[in-house]
Amino acid sequence: MTRLFCATGNAGKLREFRLAADSTRVEIELLPGYRQLPAAVEDGATFEENAIRKALHYGPHASGLLFADDSGLEVEALGGAPGVYSARYSGPHATDESNNRLLLERLRGVSHRNARFVCAIALVEGRRVVGVFHGAVEGVILDEPRGSGGFGYDPLFYCPAFGCTFGEATGEQKFSLSHRGQAIRAMLASL
Ligand code: ITT
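Attention in this report is confined to the structure presented alongside it. Please read these numbers as outputs of a predicted model, since none were measured by experiment.

Time to look at the overall build of the protein chain. Each helix and strand counted, the protein chain has five helices and seven strands in total. Put simply, the protein chain runs from its N terminus to its C terminus through helices and strands in the order β-α-β-α-β-α-β-β-β-β-α-α. For the protein chain, whose C-alpha radius of gyration is 16 Å, the value lies close to the compact-globule estimate of 16 Å for 191 residues. Each principal axis of the C-alpha distribution contributes one length, and for the protein chain these read about 50 × 35 × 25 Å. When burial is assessed residue by residue, the protein chain has 47% of its 191 residues classed as buried. Sequence-distant contacts in the protein chain: of pairs separated by 6 or more residues, those separated by 24 or more amount to 59%. Once the 20 positive and 22 negative side-chain charges of the protein chain are each reduced to a mean point, those two points are 3 Å apart.

Right under this line is the structure:
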């Protein structure tokens with residue numbers, strides 16, 4: 001059994017990481033003591049840079065391989081925003097609800113609503129980057145939330161292949177197609 005540690009404070013991501021491990025011979029565990037460590041500084045310009053910064057920040061505290069995920073939503077009509085600012089789009093005390101409200105406000109009256117979720121996962125061992133893995137999925141931002149599954153912008157993200165939002169899809173369905181599912185599968189295939 002290969003064991004991978006992950007570094008995330010996002011419960012929705014952690015659920016999806018655990019789902020990834022279910023069907024493999026890999027164990028994915030939250031880094032012990034994660035919450036006691038100082039937070040990583042995420043000031044990179046890209047998802048890839050931030051994923052590497054996060055993984056290298058926590059990697060030396062793990063006894064083996066560790067990965068971190070940096071991800072977000074890029075909305076074409078907003079020039080790619082919220083992008084790397086997705087988690088804190090509506091400010092330092094942002095919640096999923098306040099971010100979704102702000103996104104709907106910014107898109108009021110906008111008919112071109114194409115968007116994509118993007119994910120970069122960096123895998124490290126101590127201070128060495130072992131690999132970086134990517135995923136992206138295209139969708140459309142609805143004008144009101146639908147469904148209570150997933151997290152973040154999922155209830156607003158309509159996935160044409162499913163005919164529903166990621167908030168209405170099951171966890172397994174979302175993972176089969178999502179940006180994070182693609183990146184994790186690529187990471188697991190590299191081991
Ligand atoms: P960690 O850095 O601790 O992993 P975080 O939530 O701060 O958690 P990011 O900086 O990578 O992580 O920001 C990701 C944000 O992008 C997340 O908070 C959501 O708002 C959005 N997002 C990313 N993946 C998503 C998904 O699968 N579904 C919905 N929203 C997602």
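Now, onward.
If you check the shell around the ligand, you find 21 residues, and the closest are Thr8, Gly9, Lys54, Asp154 and Lys174. Lysine 13 places a side-chain nitrogen or oxygen 2.8 Å from an oxygen atom of the ligand. Lysine 54 places a polar side-chain atom, nitrogen or oxygen, 2.6 Å from an oxygen atom of the ligand. Within the complex, the protein chains bury 93% of what would otherwise be the 610 Å² of accessible surface of the ligand. Put simply, the ligand lies in the largest pocket. Broken down by secondary-structure element, the contributors of at least two residues to the shell around the ligand are β3 (65-75) and α5 (179-190). Sorting elements by how many residues they give to the shell around the ligand places β3 first, with four residues. Of the residues belonging to the shell around the ligand, the class tally is five nonpolar, eight polar and eight charged.

In this structure, the largest pocket spans a volume of roughly 910 Å³. Around the largest pocket sit 38 residues that line it, and Asn10, Lys13, Lys54, Ala87 and Arg88 are the ones nearest its centre. At the level of secondary structure, the elements contributing two or more residues to the lining of the largest pocket comprise α2 (47-58), β3, α3 (96-106) and α5. Among the elements that line the lining of the largest pocket, the one with the most residues is β3, at five residues. Residues of the lining of the largest pocket, tallied by class, amount to 15 nonpolar, twelve polar and eleven charged.

Rules used throughout
- Residues numbered from 1 in each chain as written.
- Predicted model: local features only at pLDDT ≥ 70, side-chain atom pairs only at ≥ 80, totals over all residues.
- Heavy atoms only, no water.
- Helix = DSSP H or I, 4+ residues; strand = E, 2+ residues; numbered from the N terminus.
- Rg over C-alpha atoms; globule rule 2.2 N^0.38 Å.
- Buried < 20%, exposed > 50% of the residue type's maximum accessible area, 1.4 Å probe, protein only.
- Contact = heavy atoms within 4.5 Å.
- Lys, Arg positive; Asp, Glu negative; His and termini not counted.
- Charge placed at Lys NZ, Arg CZ, Asp CG, Glu CD.
- Near = heavy atom within 4 Å.
- Polar contact = N/O pair within 3.5 Å; in protein donor to acceptor, adjacent residues only side chain to side chain.
- Areas by Shrake-Rupley, 256 points an atom, 1.4 Å probe, with all protein chains shown as cover.
- 1 Å grid on protein atoms, 1.4 Å probe; cavity = no way out; pocket = protein on both sides within 12 Å on 5 of 7 lines; lining within 4 Å.
- Sits in = over half its atoms within 2 Å of the grid points.
- Nonpolar A, V, L, I, M, F, W, Y, C, P; charged D, E, K, R; others polar.
- Points joined across faces, edges and corners; volume = space filled by probe spheres on them.

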